[in-house]
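Residues per chain, in single letters:
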Amino acid sequence: MPMTLGYWDIRGLAHAIRMLLEYTDSSYEEKRYVMGDAPDYDQSQWLSEKFKLGLDFPNLPYLIDGSHKITQSNAILRYLARKHNLCGETEEEKMRIDILENQVMDTCRQLVMVCYSPDFEKRKPEYLEGLPKRMKLYSEFLGKQPWFAGDKALKKSSAYMKFSCFLEVLVYLG
Ligand SMILES: N[C@@H](CCC(=O)N[C@@H](CS)C(=O)NCC(=O)O)C(=O)O
């Protein structure tokens with residue numbers, strides 16, 4: 001039975017999950033909730049289901065895999081990664097993955113705060129000015145290793161990164 005990934009009809013917090021589902025050739029279907037336009041942002045499509053899905057902490061994204069009902073985007077990523085042995089093998093790899101998981105979340109949050117701010121235009125220059133410094137930390141963390149977690153490549157990585165459907169704009173770290 002395919003898994004169900006529920007989220008808004010945007011990339012947002014679900015996109016890394018979509019990418020991992022694709023990467024792992026998982027069988028899944030999406031439930032994409034439509035949000036109304038500004039200024040009201042009608043959420044009724046989601047709200048009419050929110051408390052009927054049997055989720056312990058009803059939220060978006062959610063993943064339903066048989067009897068497993070999971071919310072929290074990183075918990076979903078972890079669940080899928082564990083299924084496919086993608087959480088690192090050595091303590092060093094696991095530690096680096098944990099650090100990166102949380103660092104990437106912080107990096108995304110910084111961008112989101114600026115993007116959703118009513119002062120977007122005012123905050124944008126300062127955000128952009130600080131960006132190279134923040135990206136340099138990723139570059140230094142990578143160091144001379146070919147991959148962030150170490151020297152083991154994911155089998156399909158390079159082909160996957162060229163999969164234009166998911167990355168309309170390439171992002172270079174470092
Ligand atoms: N920490 C949660 C945050 C989830 C969250 O804030 N979801 C937003 C969309 S990005 C939402 O609209 N949730 C629906 C709701 O609160 O009912 C996660 O990482 O999954």
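Please refer to the structure placed before this passage.
Worth saying up front: this structure is predicted, and the values here are computed from it rather than measured.

What counts, and where the lines are drawn
Residues numbered from 1 in each chain as written. Predicted model: local features only at pLDDT ≥ 70, side-chain atom pairs only at ≥ 80, totals over all residues. Heavy atoms only, no water. Helix = DSSP H or I, 4+ residues; strand = E, 2+ residues; numbered from the N terminus. Buried < 20%, exposed > 50% of the residue type's maximum accessible area, 1.4 Å probe, protein only. Contact = heavy atoms within 4.5 Å. Areas by Shrake-Rupley, 256 points an atom, 1.4 Å probe, with all protein chains shown as cover. Pairing = 2+ DSSP bridges. Right-handed = clockwise from strand over helix to strand, strands pointing away. Near = heavy atom within 4 Å. Polar contact = N/O pair within 3.5 Å; in protein donor to acceptor, adjacent residues only side chain to side chain. Axes fitted to C-alpha atoms, helices over the stretch in contact; angles between N-to-C directions. Core = buried A, V, L, I, M, F, W, Y, C linked by side-chain atoms within 4.5 Å. Parallel < 35°, antiparallel > 145°, perpendicular 65-115°, else oblique. Left-handed = near helix turned anticlockwise from the far one by under 90°. Nonpolar A, V, L, I, M, F, W, Y, C, P; charged D, E, K, R; others polar. Salt bridge = Lys/Arg side-chain N within 4 Å of Asp/Glu carboxyl O.

*Asks:* So, the overall build of the protein chain: which residues are in play, and what are the values?
*Replies:* Counting its secondary structure elements, the protein chain contains six helices and four strands. Considering the protein chain as a whole, with its 174 residues, one finds that 28% of them fall into the buried category. The contacts in the protein chain between residues at least 6 apart in sequence include a share of 54% that link residues at least 24 apart. Looking at the protein chain as shown, the accessible area adds up to about 12,100 Å², and 58% of this sits on carbon and sulfur atoms.

*Asks:* I'd like a rundown of the pairing of strand 2 (residues 28–33), residues and numbers included.
*Replies:* Strand direction decides the pairing type here: strand 1 (residues 3–8) and strand 2, joined by six bridges, are parallel. If you follow tyrosine 7 over to strand 2, its bridge partner there is arginine 32. Each parallel crossover has a hand, and the one from strand 1 via helix 1 (residues 15–23) to strand 2 is right-handed.

*Asks:* Please give an account of the site of the ligand that cites residues and values.
*Replies:* Looking at the ligand, the residues that line it are Tyr7, Trp8, Leu13, Trp46, Lys50, Asn59, Leu60, Pro61, Gln72, Ser73 and Met105. Between a nitrogen atom of the ligand and a side-chain N or O atom of asparagine 59, the distance comes to 2.6 Å. For the ligand, whose unbound accessible area comes to 510 Å², protein coverage reaches 67%.

*Asks:* Which residues make up the sheet that holds strand 4 (residues 68–71), and what are the values?
*Replies:* The mixed open sheet is built from four strands, whose spatial order is 2-1-3-4. Both outer strands of the open sheet, strand 2 and strand 4, are each paired with one neighbouring strand and no more. The sheet shows a mean angle of 15° between the axes of neighbouring strands, taken without regard to direction. The sheet contact formed by strand 3 (residues 62–65) and strand 4 spans four bridges and is antiparallel.

*Asks:* Can you lay out the nonpolar core for me, pointing to particular residues and giving the numbers?
*Replies:* Tyr33, Trp46, Leu60, Tyr62, Leu63 and Leu80 are the most contacted members of the largest nonpolar core, which has 22 residues in total. At the level of elements, strand 1, helix 1, strand 3 and helix 3 (73–83) are the ones that each hand at least two residues to this core. Once residues lying within four places of it in the same chain are set aside, the contact partners of tyrosine 33 are Gly6, Tyr7, Trp8, Asp9, Gln45, Trp46, Glu49, Leu53, Leu60 and Tyr62.

*Asks:* How would you summarise the packing of helix 4 (residues 91–115) against helix 5 (residues 120–142) if you had to cite specific residues and measurements?
*Replies:* Any two packed helices are characterised by how steeply their axes cross, that is the angle between the axes, and by the distance between the axes. Following both chains from N to C, one finds helix 4 and helix 5 inclined at 165°, their axes separated by 9 Å at the closest point. Overall, the two elements helix 4 and helix 5 adopt an arrangement that is roughly antiparallel. In the crossing of helix 4 with helix 5, the sense of the turn from one axis to the other is left-handed. Contacts between helix 4 and helix 5 pair Arg96, Ile99, Leu100, Gln103, Val104, Thr107, Gln110, Leu111, Met113, Val114 and Cys115 from the former with Phe120, Arg123, Lys124, Tyr127, Arg134, Met135, Tyr138, Phe141 and Leu142 from the latter. Along the lines of polarity and charge, the residues of the contact of helix 4 with helix 5 split into 13 nonpolar, three polar and four charged.

*Asks:* Which residues make up helix 1, and what values do they have?
*Replies:* Looking at helix 1, one finds that the buried residues are His15, Ile17, Arg18, Leu20, Leu21 and Tyr23. Immediately downstream of helix 1, the backbone of aspartate 25 shows phi near 55°, a positive value.

*Asks:* Quick rundown of the packing of helix 3 against helix 4? Include the residues and the values.
*Replies:* Running from N to C, helix 3 and helix 4 point in directions that differ by 145°, and their axes come no closer than 12 Å. Helix-helix and strand crossings are classified by hand; for helix 3 and helix 4 the assignment is right-handed. Where helix 3 approaches helix 4, its residues Ser73, Asn74 and Arg78 are matched on the opposing element by Ile97, Asp98, Glu101 and Met105. Considered class by class, the residues forming the contact of helix 3 with helix 4 number two nonpolar, two polar and three charged.

*Asks:* Got a sec to walk through the pattern of salt bridges? Specific residues and values, please.
*Replies:* Counted by the stated rule, this structure contains nine salt bridges. With a shortest N-O distance of 2.8 Å, glutamate 30 and arginine 18 are connected by a salt bridge. A residue pair is termed long-range when its members are at least 10 positions apart, and glutamate 30 in strand 2 and arginine 18 in helix 1 qualify at 12 residues. For the salt bridge of arginine 78 with glutamate 101, the shortest nitrogen-to-oxygen distance reads 2.5 Å. Here the residue arginine 78 occupies a position in helix 3, and glutamate 101 occupies one in helix 4, the gap between them amounting to 23 residues. By sharing partners, the salt bridges in this structure join Asp9, Arg18, Glu30 and Arg32 into a single network.

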